[in-house]
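Take a look at the letters that make up each chain.
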Amino acid sequence: MTGSAQADGRDASDRTAGRSADPDRSPVANADVCVVGAGPAGTLVADRLAGRDHEVVVLDAGPRFDETERVERMEKAIRPAFSRPDVWDVGGDRDAYESVGDRHYPLNRTRVKGIGGSTLHWQGMVMRLHEADFASASERGVGANWPIEYSDLRPYYAEAETGIGVAGADDNPFAPPREEPFPMPAFPPSYSDSLFAEACEALEISMHSVPNARNSEGYDGRSACQGYGSCRPVCPSGAKYDGSVHAETAAAKGATVIDRAPVQRLEHTTDRIEAAVFATPDGTEHRQEAETFVVAAGGVETPRLLLLSDSEHYPDGLANSSGAVGRYFMDHVFAGAGGVLEEPTRQNHVGFLTSESHQFYDEADERIAPFKLEFFNFAGPSPVGIALTGEDWGDDLLERIRAEYGNHVTVGALVETLPQAENRVALHPDRTDDHGNPVPEIHWSIDDRAKRTIERANEVQHEILDELGASERWTQGVEGTVPTNHHMGTTRMGSDPSASVVNSSLRTHDLENCWIASSSVFPTAGAMNPTLTIGALALKAADHVDAAL
Amino acid sequence: MQLTRRDAVAALAALGSGGAVALGAREWQRSGGDAADDASSGDTVGDGLATDDQVRDAMVAVAEVVYPSDVTGIQTFVERFLAGRLEREGHGEGIRRAVADLDDLARSWYDAPVADLDPADRDALLREVGADVADEVPDGTTAERIRYYVVNDLLLGLYTSPTGGELAGIENPIGHPGGIASYQRGPNE
Ligand SMILES: Cc1cc2nc3c(=O)[nH]c(=O)nc-3n(C[C@H](O)[C@H](O)[C@H](O)COP(=O)(O)OP(=O)(O)OC[C@H]3O[C@@H](n4cnc5c(N)ncnc54)[C@H](O)[C@@H]3O)c2cc1C
Ligand code: SF4
């Protein structure tokens, strides 16, 4: 059972290389598994199941990006002419959406469609959730309990760290217990971390390293980080992990990865999905049949696809007997403060973070949410950014660059938000995408506990800045806060089928051959960036699919 | 501060243009050859696109205005940088069109192409065109395109190069590989 056993007998490389003008996008015969979405979740599932000799096909809505264009994409990231979504061609009718909640949700700044998914654009901070995050209701008195514990996920966390390639150190006294060493040594702290370290020491705040999904040394055939400094949104060297890594390895193990193949709906009977109907650029639709299906289309498109696949039997959307599909939408919110020191702080050499503090995380309770502090290495403007945006040039410009660059510091924080049923991804009643499907309508608001926590995080940040003697201060607080690109909660996991969408095996309660691999299954958010947990859950889901086949 | 070949190569590497092949491939012709003939007649090569020589002369002339005054080695740097930029699909045409437009305006307002103006007039011309206040927009108005393809392309080339970075106080500017060696270093190391 390999990817070359295809319906029309064309060579597998036609499908996976994606470099021919007209790659074969026809369905694969006798597929065991159809994975929808080629982000880290979908490709980790595909890689594992292809490695176990299953016939796997992966369908992704977006293109396979040419690696040789990465440097040009980096230029787009640097130049003011382009917005963030432009860098990875996000936008237009394909990605249309509406945000109707209390707070605007800038969806297209928070995702990428294509082989690799949103990790093409990501920062790459990868940490495990804390033990208490799995039992928020019992430990903190708010939110929901997960139907699994940290210990259930612990071996999968280790496997996800190895698969993704994580550079980390065992220097975080607040992190949950781990047995396995990190696959690579952590990146040493930056010069500006050393300035923070002095201030934090005086305030008795512990700093520690950040586990990074980027190579601190050559790993898995990919180069060590070269320090381009443009990690988010583009790593030109390939040192930063993205989901395309596992799309390649899955394909090498025989999986078929089809790009530009947005799934329109999932055809089903009462308890089984029969086919994923996908569109191709030539304007035709195809049916991909399979024994099992894994929906891994990210935290917004996953519920949307289920809602689009409604039927007589599931009038409110597929797998939605509970009514929870699309509900409990969560993101983390950002709190930050910064200022200027009277000495150089050496920012913008690299585009990632080397130090954090999880010290305040476990103080979380009913009133205050978990949060973590991040010490930036890219605070303030970069000289290139300044040069391209002024009305001056020549000596005047250089003088301005020297005045504006070099002395900034920023300390950020990620804050948990609570799962609230009214925060949700719904289908817009009128507006449709390029295929005539209703676009996602995002309802988003921020709960009072998260607001209080932003204020608390700001307080701590201000203490640190006071200690540093920073002037020209700014604060990003409750009013200015923004979501941090983590789409969670919209197909929550639980043991009660009337209140959740998937069970502890990540299988939908309603359908016996449909699993979901995504942060959409998180019942609570914690305040850690989600993707390592997504990876661990994806590997767990793959094991359950394997057992069912 | 002297701009070097290494700066041009580094800026190009950072901006994904042409690369090593393009750097060797373009032979700037100062006299003789078709391109020079086109340029010496003062005209563009069809479709309102500037010739190689016109582009080079205009870009060097503008660089002399938009780069800080103590930068040297501009001619060689700009030539090498342009070699890569002109190779890049779409971008090369954008530069040629923007330079042709700039030269047209220079001729109608100052009776000479931008390369023949003295630096104060070049500066004035760019401001009269509106390139100082315009946002850079690759498919925008004339001012926006001149800002994008001429002024900002040159500034981008300079400030993503090691020498430009050093002028600004960062020896490893964004887009340039090398931050791993420098991010841990203090200011006096
Ligand atoms: C700027 C930014 C910074 C981030 N930083 C971090 C970080 O530091 N740490 C961290 O842990 N996380 C970070 N994230 C979040 C991280 O990128 C996501 O958590 C992760 O990519 C989610 O993985 P996924 O596979 O579930 O979904 P995605 O990566 O979103 O992939 C989903 C895929 O499904 C495809 N798809 C959607 N609909 C369909 C359909 N109908 N048919 C077929 N295919 C479909 C899409 O094209 C896409 O490729 C960041 C994200 C952004 C945008
Ligand atoms: S600093 Fe970021 S962009 Fe540069 S090589 Fe490392 S991971 Fe890639």
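Treat the numbers as computed from the prediction; the structure is a model and nothing was measured.

Caption draft 1: Layout of the interface of chain A and chain B. On the side of chain B, 49 residues touch chain A, which itself brings 44 residues to the contact. Considering only the side of chain A, the residues that lose the most area to chain B are Arg79, Arg346 and Trp393 of chain A, jointly responsible for 20% of the buried surface there. There are six salt bridges connecting chain A and chain B. Between Arg79 of chain A and Glu136 of chain B there is a salt bridge, with the nearest N and O atoms lying 2.7 Å from each other.

Caption draft 2: Representation of the sheet that holds strand β15 (residues 408–415) of chain A in the model. Residue and element names in this part refer to chain A. Ordered by their spatial adjacency, six strands build an open sheet running β6-β13-β14-β15-β12-β18, and the pairing between neighbours is antiparallel. Taken across any chain shown, the strands that pair with only one partner, and hence form the sheet edges, are β6 (208–209) and β18 (471–476). Pairing between strand β12 (residues 333–340) and β15: eight bridges, direction antiparallel. The residue of β15 that forms the bridge with Gly336 is Gly412.

Caption draft 3: Spotlight on the packing of aromatic side chains. What the rule picks out here adds up to 18 aromatic pairs over all chains. Measuring from centroid to centroid gives 4.9 Å for Phe65 of chain A and Trp88 of chain A, while their planes differ by 70°, and the two rings are edge-to-face. One end of the pair, Phe65 of chain A, is in the loop between β2 (56–59) and α3 (70–78); the other, Trp88 of chain A, is in the loop between α4 (84–87) and β3 (98–99), with 23 residues separating them in the sequence. Judged by relative accessible area, Phe65 of chain A falls into the buried class, the value being 11%. What makes Trp88 of chain A buried here is its relative accessible area of 1%. Directly above the aromatic system of Tyr148 of chain B lies the positively charged group of Arg79 of chain A, at a separation of 3.8 Å from the ring centroid.

Caption draft 4: Spatial organisation of the sheet that holds strand β17 (residues 438–443) of chain A. All names here are of chain A. Across the sheet, three strands lie side by side as β3-β17-β16; this open sheet has mixed pairing. Looking at which strands have only one partner, the edges of the open sheet turn out to be β3 and β16 (424–432). Sheet topology places β3 next to β17; two bridges connect them, and they run parallel. By the bridge assignment, Glu98 is partnered in β17 with Glu441.

Caption draft 5: Summary view of the environment of Ala61 of chain B. Residue and element names in this part refer to chain B. Along the chain, Ala61 turns up in helix α4 (residues 52–66). Note on Ala61: relative accessible area 3%, which makes it buried. Between the C-alpha atom of Ala61 and that of Gly130, which follows or precedes it by 69 residues, the distance is 17 Å. When near neighbours in sequence (up to four residues on either side) are disregarded, Ala61 contacts Val114, Ala115 and Arg122.

Caption draft 6: Representation of the site of ligand 2. If you check the shell around ligand 2, you find 14 residues, and the closest are Cys225, Tyr228, Cys231, Cys235 and Ser237 of chain A. Taken together, the residues of the shell around ligand 2 break down into seven nonpolar, five polar and two charged.

Caption draft 7: Quick peek at the site of ligand 1. Residues and elements named next belong to chain A. With respect to spatial proximity, 37 residues lie near ligand 1, and among them Asp60, Ser118, Met125, Val263 and Thr531 are the closest. Within the backbone of Gln123, one N or O atom sits 3.1 Å away from a nitrogen atom of ligand 1. Across the complex, the protein chains shield 95% of the 990 Å² of accessible surface that ligand 1 would expose by itself. Elements supplying a minimum of two residues to the shell around ligand 1: α2 (40–51), α9 (298–308) and α13 (531–548).

Caption draft 8: How the structure looks around the pairing of strand β1 (residues 33–36) of chain A. Residue and element names in this part refer to chain A. Residue alternation in β1 divides its side chains into two sets, Val33 and Val35 and Cys34 and Val36, and both sets are buried. Here four bridges tie β1 to strand β11 (residues 292–295), and the two strands are oriented parallel to one another. Note that in β11 the partner of Val33 across the bridge is Thr292. Judged from the four bridges that link them, β1 and β2 form a sheet pairing that is parallel. In the strand pairing of β2, Val33 is matched with Val56.

Caption draft 9: Structural detail: helix α7 (residues 119–129) of chain B. Residues and elements named next belong to chain B. Three or more residues of α7 are buried, namely Arg122, Leu125, Leu126 and Val129. Buried residues in α7, looked at end-on, bunch into an arc of 95°, giving them a common side. Tucked into the core, α7 has its buried residues touching α4, α6 (91–110) and α8 (142–159). The first or second residue beyond α7 is Gly130, which carries a positive phi of 100°.

Caption draft 10: A look at α6 of chain B. Given a rise of 1.5 Å per residue, 20 residues ought to cover 28 Å, and the 28 Å separating the end C-alpha atoms of α6 of chain B matches this to within 8%. Those residues of α6 of chain B that sit buried are His91, Gly92, Gly94, Ile95, Arg96, Ala98, Val99, Ala100, Asp101, Leu102, Asp103 and Ala106 of chain B. Residues of α6 of chain B that are buried make contact with α3 of chain A together with α4, α5 (74–87), α7 and α8 of chain B.

Caption draft 11: View of a negative patch on the surface. Together, Glu131, Glu139, Asp362, Glu363, Asp365 and Glu366 of chain A make up a negatively charged patch on the protein surface. Accessibility expressed as a relative area gives 46% for Glu131 of chain A, which makes it partly exposed.

Caption draft 12: Expanded view of the pattern of salt bridges. Inspection of the entire model under this criterion finds 51 salt bridges over all chains. Across the salt bridge formed by Glu75 of chain A and Arg88 of chain B, the nearest N and O atoms sit 2.7 Å from each other. Note that Glu75 of chain A is positioned in helix α3 and Arg88 of chain B in the loop between α5 and α6, a pairing that runs across two chains. The two residues Glu75 of chain A and Arg88 of chain B agree in class, both being buried. The network of salt bridges with common partners includes Glu72, Glu75 and Arg79 of chain A together with Arg85, Arg88, Glu136 and Asp153 of chain B.

Caption draft 13: How the structure looks around the side chain of Asp103 of chain B. Residue and element names in this part refer to chain B. Mapped onto the elements of the fold, Asp103 is located in helix α6. Despite its burial, Asp103 pairs with no opposite charge, the nearest such side chain being Arg107 at 4.4 Å. Asp103 has contacts with Gln54, Pro113 and Val114, leaving out every residue within four places of it along the chain.

Caption draft 14: Region of interest: the pairing of β2 of chain A. Residue and element names in this part refer to chain A. By the alternation rule, side chains of β2 split into Val56 and Val58 and Val57 and Leu59, which are all buried. Chirality of the crossover, the property in question, places the unit of β1, α2 and β2 among those that are right-handed. Bridging between β2 and strand β7 (residues 256–258) involves three bridges; their strand directions are parallel. Looking at the pairing, Val58 lines up with Val257 of β7.

Caption draft 15: Representation of the nonpolar core in the model. The biggest cluster of nonpolar side chains holds 94 residues, and the ones touching the most others in it are Val35, Val56, Leu59, Leu266 and Leu537 of chain A. Looking at this core element by element, the count peaks at nine residues for α13 of chain A. When residues no more than four places from it in sequence are discounted, the contact partners of Leu59 of chain A are Cys34, Val35, Val36, Gly37, Ala38, Ile258, Ala261, Val263, Ala276, Phe278 and Gln288 of chain A. Counting residues in each nonpolar core, the second largest holds 72 residues, with Ile78, Val384 and Tyr405 of chain A together with Leu86 of chain B among its members.

Conventions and cut-offs
Residues numbered from 1 in each chain as written. Chains lettered and ligands numbered in written order. Predicted model: local features only at pLDDT ≥ 70, side-chain atom pairs only at ≥ 80, totals over all residues. Heavy atoms only, no water. Contact = heavy atoms within 4.5 Å. Buried area = accessible area lost by both parts, 1.4 Å probe. Salt bridge = Lys/Arg side-chain N within 4 Å of Asp/Glu carboxyl O. Pairing = 2+ DSSP bridges. Helix = DSSP H or I, 4+ residues; strand = E, 2+ residues; numbered from the N terminus. Phe/Tyr/Trp six-rings, centres within 6.5 Å; stacked < 30°, edge-to-face > 60°. Buried < 20%, exposed > 50% of the residue type's maximum accessible area, 1.4 Å probe, protein only. Lys NZ or Arg CZ within 6 Å of the ring centre and 35° of its normal. Near = heavy atom within 4 Å. Nonpolar A, V, L, I, M, F, W, Y, C, P; charged D, E, K, R; others polar. Polar contact = N/O pair within 3.5 Å; in protein donor to acceptor, adjacent residues only side chain to side chain. Areas by Shrake-Rupley, 256 points an atom, 1.4 Å probe, with all protein chains shown as cover. Arc of directions from axis to C-beta. Expected span 1.5 Å × (residues − 1). Patch = residues over 30% accessible without salt bridge, like charges linked within 9 Å, V, L, I, M, F, W, Y side chains within 5 Å. Lys, Arg positive; Asp, Glu negative; His and termini not counted. Charge placed at Lys NZ, Arg CZ, Asp CG, Glu CD. Right-handed = clockwise from strand over helix to strand, strands pointing away. Core = buried A, V, L, I, M, F, W, Y, C linked by side-chain atoms within 4.5 Å.

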